[in-house]
Amino acid sequence: MDLSDTPEELAFREEVRAFLSAHLPARLSDRVRAGKSLSKEDHEAWHAMLNTKGWLAGSWPKEYGGAGWNAVERHIFEEECALAYAPRILPFGLAMLGPVLQAFGSPAQKDYWLPRILSGADWWCQGYSEPGAGSDLASLKTRAVRDGDHYLVNGQKTWTTLGQHANMIFCLVRTDPAAKAQEGISFLLIDMTAPGVEVRPILLLDGTAEVNEVWFTDVRVPVENLVGEENKGWTYAKYLLTHERTNIAGVGFSIAGLERLKHIARIERSGGRPLIENPHFAARLAKVEIDLMAMATTNLRVISRAAEGQAPGVESSMLKVKGTVIRQEINDLTRRAVGPYAMPFVSEALEGANEPPVGPDYAGPVAAQYFNNRKLSIYGGSNEVQRQIIAKTLLEL
């Protein structure tokens, strides 16, 4: 199998590099390189730049305003963005809801919501997990009761990432409590500014409030905001989750993280020599790089299936497990590379502060990133659940 770029792919790679060199603001790439937080305005500005170029939705068909890239082109774009320390493209509208609407939405929903995702008119968040329904999503209890031409929604969602910025949320709600767990669920689009919606931030171990609780009290949702058929939401939820898990693999993030780790390991010293020459450290570094190269190839196969209109199958579970393990290993090696400077956690390091950093500049966000990325093996369906899916599907256990 020849993994080298073809002449056409090389030309595309150069086009992406030229675009990033000309349009990626240094203030954004500097913050990403330093591991600092980005504001809502930072994300919106980067999305707008990509949308102007027609590159915001690489996997969407051109008929919906996407770039219509194939799997290799998407891989090249994500790799070059990661190496240039470009902000990540937020997935909620583009990589989660967008594909669901394209596959199951009504013509009116496609015409109205898809252009608004691209333009940034709406900031979406995901309403799946509940206090008693995380990995066991079918146990969700948020109720939606039909009331004329509306649904009346009551319940609670949790771990709602960046929900504090969102004006719209796509939600799984229970519309038939008498049906089997997976058969009484529907997929609703809910206005976060509607009366009865309350957002409560959750303060994380790294000092940020990235996730939230969202409460619904007698929230009225128009019936036209139901996606697909009532009580068939589990089908759409699984379709969305396979796309989410594929994205969680985060090949681009791992590539950028590995390059940053190598940079640090060349600067830090061990026994009077660069850390990267320490045999034990070099062996772990080599292992994670080999694993990353293998996963990148698998990732290409999975997104190729998605590009052919097929929802990724059990491979997305395999990719999610392996991808998150690799990212956490890179975080762990980076923490070990900076040694004692990774011990003091200074939340101001994520935002920038007037006080001089403790240790070298690159050490400031290391502890926060290590702690934050512990979540990778939990969200999108925990790695334990993914292993059960793999065992049941492939090994028939």
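Described below are features of the structure shown in this document.

Conventions used here
Residues numbered from 1 in each chain as written. Predicted model: local features only at pLDDT ≥ 70, side-chain atom pairs only at ≥ 80, totals over all residues. Heavy atoms only, no water. Helix = DSSP H or I, 4+ residues; strand = E, 2+ residues; numbered from the N terminus. Rg over C-alpha atoms; globule rule 2.2 N^0.38 Å. Buried < 20%, exposed > 50% of the residue type's maximum accessible area, 1.4 Å probe, protein only. Contact = heavy atoms within 4.5 Å. Areas by Shrake-Rupley, 256 points an atom, 1.4 Å probe, with all protein chains shown as cover. Lys, Arg positive; Asp, Glu negative; His and termini not counted. Charge placed at Lys NZ, Arg CZ, Asp CG, Glu CD. Axes fitted to C-alpha atoms, helices over the stretch in contact; angles between N-to-C directions. Parallel < 35°, antiparallel > 145°, perpendicular 65-115°, else oblique. Left-handed = near helix turned anticlockwise from the far one by under 90°. Phe/Tyr/Trp six-rings, centres within 6.5 Å; stacked < 30°, edge-to-face > 60°. Salt bridge = Lys/Arg side-chain N within 4 Å of Asp/Glu carboxyl O.

Of regular secondary structure, the chain possesses 12 helices and 10 strands. Here the C-alpha atoms of the chain give a radius of gyration of 22 Å, agreeing with the 21 Å that 2.2 N^0.38 yields for 397 residues. Taking the principal axes of the C-alpha coordinates as reference, the chain spans close to 75 × 50 × 50 Å. Expressed as a percentage of its 397 residues, the buried residues of the chain come to 48%. Expressed as a percentage of contacts within the chain between residues at least 6 apart in sequence, the contacts between residues at least 24 apart total 73%. Split by element, the accessible area of the chain, about 18700 Å² in all, is 54% carbon and sulfur. One way to put it: in the chain the 42 positive side-chain charges average out to a point 4 Å from where the 48 negative ones average out.

Moving on, we come to the packing of helix α8 (residues 251-267) against helix α10 (residues 314-338). α10 packs onto α8 with a crossing angle of 15° between their chain directions and a minimal axis gap of 10 Å. Overall, the two elements α8 and α10 adopt an arrangement that is roughly parallel. Like other packed secondary-structure pairs, α8 and α10 cross with a definite hand, here left-handed. Residues F253, S254, G257, L258, R260, L261 and I264 of α8 form the contact with α10, whose own contacting residues are I326, R327, I330, L333, T334, A337 and V338.

A separate point is the packing of aromatic side chains. Counting across every chain of the model gives 14 aromatic pairs. Their ring planes at 40° and their centres at 6.3 Å tell us that W124 and F170 sit as a pair that is tilted. Taken as a pair, W124 in strand β1 (residues 124-127) and F170 in strand β4 (residues 168-174) lie far apart in primary sequence, 46 residues in all. Here the two residues W124 and F170 agree in accessibility, since each one is buried. Geometrically, the ring pair formed by F170 and F187 is stacked, given 6.0 Å between the ring centres and 0° between the ring planes. Remark: F187 occurs in strand β5 (residues 185-191) and F170 occurs in strand β4; sequence separation between them is 17 residues. You'll find F170 and F187 in the same group, each marked buried.

This part covers the pattern of salt bridges. Scanning the entire structure with this criterion turns up 21 salt bridges. E14 is the salt-bridge partner of R17, the closest N and O atoms lying 3.2 Å from each other. With a gap of 3 residues between them, R17 and E14 both fall in helix α1 (residues 7-23), about one helical turn apart. Classification of R17 as partly exposed rests on a relative accessible area of 39%. We note a salt bridge from R336 to D332, for which the minimum N-O separation is 3.1 Å. Of this pair, R336 and D332 both sit in helix α10, 4 residues apart, which is roughly one turn of that helix. Put simply, R13, E14, R17, E79 and E80 are held in one network by salt bridges that share partners.

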